[in-house]
Amino acid sequence: MTIDIELIRRSWSLVEPVADQVTQHFYGRLFANYPHIREMFPPGMDLQRDRLLHALTQVVLNLEDGAGLSDYLGQLARDHRKYGVRPEHYPAVGSCLVAAMRFTAGDAWLPAYDEAWMTAYDYIAEVMIQAAEQDAVKTPPAWIGTVVAHEVRTPEIAVITVEPDHPYPYRAGQYATLQSAHWPQVWRPYSIANAPRQDNLLTFHVRVVPGGWVSTALMHHTRPGDTLLLGPPRGSLVLDRASTSHLIFIAGGTGLAPLKALIEESVWVPDRPAIDLFHGVRRSGDAYDNEDLQRLRSQHRRLRIVRAVSDDPEDWRRHSAMDALEYHRIVPDGDVFVCGSSEMVRVTANRLLGLGVPFDRIHTEFAPGGAPSLAVL
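Keep in mind that this is a model prediction, so the values were computed, not measured.

1. Some words on the nonpolar core
Ranked by internal contacts, the top residues of the largest apolar core, which has 49 residues, are Phe 26, Tyr 27, Leu 30, Phe 41, Leu 73, Met 101 and Trp 117. Sorting elements by how many residues they give to this core places helix α6 (residues 111–136) first, with 11 residues.

2. Considering the pairing of strand β6 (residues 227–230)
Every second residue of β6 is oriented toward a common face, the buried set being Leu 228 and Leu 230 and the non-buried set Thr 227 and Leu 229. Relative to β6, strand β1 (residues 143–154) runs antiparallel, the two being bridged by 4 bridges. Across the sheet, the residue bridging to Thr 146 is Thr 227, located in β6. In this sheet, β6 lies alongside strand β3 (residues 175–180) in antiparallel orientation, the contact comprising 3 bridges. Within the sheet, the bridge partner assigned to Ser 180 lies in β6 and is Leu 228.

3. A few points about the sheet that holds strand β5 (residues 202–207)
Reading across the sheet, the 6 strands line up as β4-β3-β6-β1-β2-β5 and stay open at both edges, with antiparallel pairing between neighbours. Edge strands, defined here as strands with exactly one partner in the open sheet, are β4 (188–191) and β5. Sheet twist, expressed as the mean angle between neighbouring strand axes with direction ignored, is 40°. Note: β3 against β4, 4 bridges, orientation antiparallel. Residue pairing in the sheet places Ala 176 in a bridge with Tyr 190 of β4.

4. Considering the UniProt feature "domain: FAD-binding FR-type" (unreviewed entry) in the protein chain
UniProt tags residues 140–240 as "domain: FAD-binding FR-type" (unreviewed entry). A helix fraction of 8% and a strand fraction of 40% characterise residues 140–240, whose end C-alpha atoms lie 26 Å from each other.

5. Overview of the sheet that holds strand β10 (residues 335–339)
Taken together, 5 strands build an open sheet; the order of strands is β9-β8-β7-β10-β11 and the sheet is parallel. A single partner strand is all that each edge strand has here, and the edge strands are β9 (303–309) and β11 (362–364). This sheet shows a mean twist of 15° between the axes of neighbouring strands, independent of strand direction. In this structure, strand β8 (residues 274–281) lies alongside β9, joined through 7 bridges in parallel fashion. The partner of Gly 280 across the bridge, within β9, is Ala 308. Across the sheet, helix α8 (residues 256–266) lies against β7 (246–252), β8, β9 and β10, angled at about 150° from β7, the strand it touches most. On top of the sheet, helix α9 (residues 290–300) reaches β8 and β9; it is set at about 155° to β9, its chief contact.

6. Side note on the layout of surface pockets
Of the volumes computed, that of the largest pocket is approximately 1200 Å³. Listed by contribution, the elements that provide at least two residues to the lining of the largest pocket are β4, β5, α7 (213–220), β7, α8, β8, α10 (321–327) and α11 (342–354). The greatest single-element share of the lining of the largest pocket, amounting to 7 residues, is contributed by α11. Here the residues of the lining of the largest pocket sort into 19 nonpolar, 17 polar and 7 charged. Two domains each provide a minimum of three residues to the lining of the largest pocket, namely domain 2 (143–234) and domain 3 (246–364).

7. A few points about unusual backbone geometry
Although it is not a glycine, Gln 185 adopts a positive phi angle of roughly 70°. Structurally, the position occupied by Gln 185 is in the loop between β3 and β4. Residue class for Gln 185 comes out partly exposed when judged on its relative accessible area of 21%. Of note in this structure, Asn 200 is not a glycine but carries a positive phi near 70°.

8. Description of α9
Among the residues of α9, Leu 293, Leu 296 and His 300 are the ones counted as buried. Take α9 and look down its axis: the buried residues cluster within an arc of 60°, on one side only. Just downstream of α9, Arg 301 is the residue with a positive phi angle, here 75°.

9. Details of the packing of helix α2 (residues 19–33) against helix α5 (residues 89–105)
When two helices pack together, their arrangement is given by the angle between their axes and by how far apart the axes lie. For the pair α2 and α5, the least separation of the axes is 8 Å and the interaxial angle reads 135°. One element, α2, and the other, α5, form an angle in the oblique class. Crossing handedness for the pair α2 and α5: right-handed. Note on element contacts: α5 touches α2 through Ala 92, Val 93, Cys 96, Leu 97, Ala 99, Ala 100, Met 101, Phe 103 and Thr 104, opposite Gln 21, Val 22, His 25, Phe 26, Arg 29, Leu 30 and Asn 33. In terms of residue class, the contact of α2 with α5 is made up of 11 nonpolar, 4 polar and 1 charged.

10. Topic: the domain arrangement of the protein chain
If you check the domain split of the protein chain, you get domain 1 (5–137), domain 2 (143–234) and domain 3 (246–364). In this structure, domain 1 and domain 3 have C-alpha centres spaced 38 Å apart.

Calculation rules
- Residues numbered from 1 in each chain as written.
- Predicted model: local features only at pLDDT ≥ 70, side-chain atom pairs only at ≥ 80, totals over all residues.
- Heavy atoms only, no water.
- Core = buried A, V, L, I, M, F, W, Y, C linked by side-chain atoms within 4.5 Å.
- Buried < 20%, exposed > 50% of the residue type's maximum accessible area, 1.4 Å probe, protein only.
- Helix = DSSP H or I, 4+ residues; strand = E, 2+ residues; numbered from the N terminus.
- Pairing = 2+ DSSP bridges.
- Axes fitted to C-alpha atoms, helices over the stretch in contact; angles between N-to-C directions.
- UniProt positions renumbered as here; feature names shortened; annotations may be inferred.
- Contact = heavy atoms within 4.5 Å.
- 1 Å grid on protein atoms, 1.4 Å probe; cavity = no way out; pocket = protein on both sides within 12 Å on 5 of 7 lines; lining within 4 Å.
- Points joined across faces, edges and corners; volume = space filled by probe spheres on them.
- Nonpolar A, V, L, I, M, F, W, Y, C, P; charged D, E, K, R; others polar.
- Domains from an automatic or database assignment.
- Arc of directions from axis to C-beta.
- Parallel < 35°, antiparallel > 145°, perpendicular 65-115°, else oblique.
- Left-handed = near helix turned anticlockwise from the far one by under 90°.

In structure tokens form, the structure reads like this:
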């Protein structure tokens, strides 16, 4: 199967400037022609449209990277299993997607573009179907997790501990998508705040997002004994990405969660790295995990923890985690792991580059909050 990359990209350039119209037409056509598919999607579709656009962009940009594209599609397929996606759904999605691009481009669309996209889509579907079938042999499409602890640490943050019904095969630094019974088919990503444990327990740090369906349900309407659904583990913010013995962790708010899991894992590494953790919060009262961090500090011995407060009138320093790094004259001569809001990560990464940190030593995880999912391809 030969994919005509030039035709794919030429046709994509026609619709990319109005991609929002493509996604609207695609979902409208899909749900009109195949109404039974609608129940697999969340009630609100705005985020879903963004995810479709993100997935399409990733495919178009990575067509030459056969192995990388296959890995991306495989992960997407494994994640799709939790929605009940089956092989027979793929032709419907493919025909509606090409029809939506053709409709949006109008007279500029050539018949050759149809053939190029359907050839590419057949390859995409084949890779995803095979990956899903292989995954089904060893893991369930989703795990049922029982809430065993629910601690409200601040008015905006809860720490929730969940026990999955089957072993959950993740690595420290990864995240899971969670679904509350209050909002069926609405999944949101949360980093796992602990390294794998023998008791199979998972801890999540949840900050309430204004208007957030899942975060509000987890914070205010979830108690011990309730159940959640967990999608398969995702993410690549793992300790193996580091190539140096001095690690700097920069966290904003609940971005602390995956970095805390990495610290836990590093305790058991034979050549334990030195770690400087900078945790930025808006106000002093937002430092919600001090007790656990001190426990890790006593276990690790090569761990230094610095808290930075950026917006508290009672704290004269008022600096971000990155400000604190420079204030303490820490030389970022090793690998740097950054986790927080997308804006915090962007600003921090740019400042690190400005300090001369090589690009390949700045490790971030952009997936949570923006990871594509559910029947986008």
